[in-house]
Amino acid sequence: MDGFYHVDQAMDTSPKDPYVISLIYSVVALFLLIPPQEVRSAGLTLERIFQNQLGSESLDFVGYHMRRTTLTRLVALLVPFGYFAILSLYRPDLLKVTFVYTGLLVSLAVAVLAIAFSLYYWRTKWASHPLARTLAKHGDNWRFVAGNINTEFRRIDKFTTGPTSGRVIVTESWLIKVGIFTVHVSKLSETVLALQNSALISNAQADVLQSVQRLSIKVTSANTAVGDFMIHVPGLEYRDFRSRLPFVHVVNVRGVTVQQTVGEQFVAAFIEQADRNNIYRLDPNTELDSCLGCMVARPDAKLVKLCAADEDGDCRNCRCRPQWCLSCMARWFASRQDQHRPETWLSSSAPCPNCRSRFCMLDVCRVVEDTAR
Ligand SMILES: [Zn+2]
Ligand SMILES: [Zn+2]
Ligand SMILES: [Zn+2]
C-alpha cells in the first residue's frame, strides 16, 4: 500500500501532517462515541448535543433509544468519511495515494447508505428500526410492547446499574441492557441468568478495597427468537439486583463468588493478607475449641507481631492461643474501624479480642498444624 509520505518525501511536522490530522481526528471521534467520564461531565456527549431531537428518555424510553441508537450508528458510520474528507481537504495532494482515494469513495458510499437507512427508519415511523424488530419478538405488536416498557420505565422503583456504555435496567417485567449502539430486551418471566465470571476492576487508588468486583452475567431467554446477551453488574449491587428478580433462575455452574458487601470484600482482602504473612505452626496435639466468633470453624488465626521490631510502633505482641478463625478475626477487625472510611481499614489496627494488644494486618498469621513435629 502507498504510504502517506509517498508524495512528500520529507518529514512534515506542520499541522497538515497527515499523522497529526489522523491522531486528532481519531481522538475526537472516540471521545464522541465512547466519552470518558471527564468528557461526559463537561456535557460533550451526543445525547446532550442532540437532546432536543432525541426527546425525553423518561417519557418515551423506547422512542428515545430508537432515535439515540440511530444517531450513534449514523455518527459511527460517518466517521470514516469525515476522516478522508478532512484529510483530502487539508492535503489535496494525498488524493493521488490509492489508499486515500479508495478510502474516500468507499467511506462516502457507507455514509450515503447510513443516511439512507436513518431516513428509512424515520419515514417508517421506526417500525423498521432494529429495536422494533427486537420488541416484536415479545408480542404481536411491537408498539404495544414498547408502551408497556415505557410505562414500567417511568416507575421510580426500577433498578438501574452499570456504566453508561452498558446500562442494565430491571423493571417489573423486563430486563433491559442499553448499549451505545444497541438495546437488548428480555422478558423476566422467560429469562434465565448465568453467572459467567467476575473481574476486579481497580479504581484510581491501587488498594484492594478500592477495587470493585464486576460480574459478567449471560442473559438467555426461553423465547428462542430472543438472542443471548451479556450484562455487567457490580458485585456490591448484585444482592439488590437479585432481589428484583425473585422468579428468575440464576445458574452458577462456574462457582463464581459474589463479594456482596464492603465487609465481605474486606474479609477476602484480610485473609489474602494473612496468607502472605508468616504461617504459624501449631503442635497437632494442642486442643483447640471452636472459634469464639462463629462457634463453628476451627481457630486458624494467630496474632504475632511482625510489622516492626518488638518495641517499635503501636502494635504489641499477643500471647493468646488461637481462638478465632480468620473470617471472624477479619469481621472483628472491621467492626473496630471507621465504618464510613473503608479505604483506611487495610492500613489501620485493632485490639486483640482477648488481651487487647493492638495488631495490624501484617500481624495476622494462618495457623497450620505442624505434622512434622
Ligand atoms: Zn469464626
Ligand atoms: Zn491477644
Ligand atoms: Zn502490627
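Residues numbered from 1 in each chain as written. Chains lettered and ligands numbered in written order. Predicted model: local features only at pLDDT ≥ 70, side-chain atom pairs only at ≥ 80, totals over all residues. Heavy atoms only, no water.

A. Quick look at the overall build of the protein chain. Along its length, the protein chain carries 11 helices and 13 strands. Here the C-alpha radius of gyration of the protein chain, 29 Å, is well above what a compact globule of 373 residues would show, namely 21 Å. Expressed along its principal axes, the backbone C-alpha trace of the protein chain runs to roughly 85 × 65 × 40 Å. Residues classed as buried in the protein chain amount to 42% of the 373 residues present. Contacts in the protein chain between residues far apart in sequence, at least 24 positions, make up 59% of those at least 6 positions apart. Averaging the positions of the 40 positive and the 34 negative side-chain charges in the protein chain gives two centres separated by 7 Å. (Helix = DSSP H or I, 4+ residues; strand = E, 2+ residues; numbered from the N terminus. Rg over C-alpha atoms; globule rule 2.2 N^0.38 Å. Buried < 20%, exposed > 50% of the residue type's maximum accessible area, 1.4 Å probe, protein only. Contact = heavy atoms within 4.5 Å. Lys, Arg positive; Asp, Glu negative; His and termini not counted. Charge placed at Lys NZ, Arg CZ, Asp CG, Glu CD.)

B. Layout of the packing of aromatic side chains. Inspection of the entire model under this criterion finds 15 aromatic pairs. Here the aromatic rings of F270 and F333 are separated by 5.6 Å at their centres, their planes lie at 55 degrees, and the arrangement is tilted. You can see F270 sitting in helix α10 (residues 262-276) and its partner F333 sitting in helix α11 (residues 326-335), a full 63 residues away along the chain. Every member of this aromatic cluster is reached through a ring pair, and the members are F266, F270, F333, W345 and F359. Positioned over the ring face of F153 is K158, at 4.5 Å from the centre of the ring. Directly above the ring of Y280 sits K302, whose terminal nitrogen or CZ lies 5.5 Å from the centroid. (Phe/Tyr/Trp six-rings, centres within 6.5 Å; stacked < 30°, edge-to-face > 60°. Lys NZ or Arg CZ within 6 Å of the ring centre and 35° of its normal.)

C. Structural detail: the coordination of the zinc ion (ligand 1). Within the protein, the zinc ion (ligand 1) binds to C291 (SG), C294 (SG), C325 (SG) and C328 (SG); these donor distances fall in the range 2.2 to 2.4 Å. In this structure, the zinc ion (ligand 1) is surrounded by 4 donor atoms whose angles at the metal cover 99 to 118 degrees, and the resulting shape is tetrahedral. Read in sequence order, the donor residues coordinating the zinc ion (ligand 1) give the pattern C-x2-C-x30-C-x2-C. The class for C294 is partly exposed, based on a relative accessible area of 30%. (Donors = N, O, S within 2.8 Å, 3.2 Å for Na, K, Ca; no water. Tetrahedral: all angles 85-135°; square planar, octahedral: opposite > 155°, others 65-115°.)

D. Structural view of the coordination of the zinc ion (ligand 3). In this structure, C307 (SG), C315 (SG), C360 (SG) and D363 (OD) serve as the protein donors to the zinc ion (ligand 3), at separations of 2.0 to 2.4 Å. Bound by 4 donor atoms, the zinc ion (ligand 3) shows angles of 96 to 124 degrees at the metal and therefore tetrahedral coordination geometry. Positions of the donor residues of the zinc ion (ligand 3), expressed as sequence spacing, correspond to C-x7-C-x44-C-x2-D. Placement of C307 in the loop between β10 (301-303) and α11 and of D363 in the loop between β12 (358-360) and β13 (364-369) is noted, with a sequence separation of 56 residues between them. Judged by its relative accessible area of 1%, D363 falls in the buried class.

E. A look at the confidence of the model for the protein chain. When pLDDT is averaged along the protein chain, the result is 87; 92% of the residues meet or exceed 70. Counting interchain partners and residues more than four positions distant, the pLDDT-below-50 stretch residues 7-12 has 9 contacts. Low pLDDT, under 50, characterises residues 204-209; the stretch is placed with 13 contacts to residues that sit more than four places away or in other chains. (pLDDT = per-residue confidence, 0-100.)

F. Quick look at a nonpolar patch on the surface. Together, L23, V27, L30, F31 and I34 give the surface a local cluster of nonpolar side chains, amounting to about 470 Å² of exposed area. Mapped onto the elements, I34 comes out in the loop between α1 (18-33) and α2 (37-41). (Patch = residues over 30% accessible without salt bridge, like charges linked within 9 Å, V, L, I, M, F, W, Y side chains within 5 Å. Areas by Shrake-Rupley, 256 points an atom, 1.4 Å probe, with all protein chains shown as cover. Salt bridge = Lys/Arg side-chain N within 4 Å of Asp/Glu carboxyl O.)

G. Up close: the packing of helix α5 (residues 61-90) against helix α8 (residues 142-154). Two elements in contact, α5 and α8, have axes separated by 7 Å at closest approach and are oriented at 110 degrees. As the angle between them shows, α5 and α8 are arranged roughly perpendicular. Where α5 abuts α8, its residues F61, V62 and M66 lie against W142, A146, I149, N150 and F153. (Axes fitted to C-alpha atoms, helices over the stretch in contact; angles between N-to-C directions. Parallel < 35°, antiparallel > 145°, perpendicular 65-115°, else oblique.)

H. Spotlight on the nonpolar core. Of all hydrophobic cores here, the largest spans 24 residues; its most connected members are F266, F270, L303, M329, F333, F359 and V364. For this core, the element with the most residues is α11, which contributes 7 residues. Within the second largest apolar cluster, 20 residues are counted, among which are F159, V170, L195 and V233. (Core = buried A, V, L, I, M, F, W, Y, C linked by side-chain atoms within 4.5 Å.)

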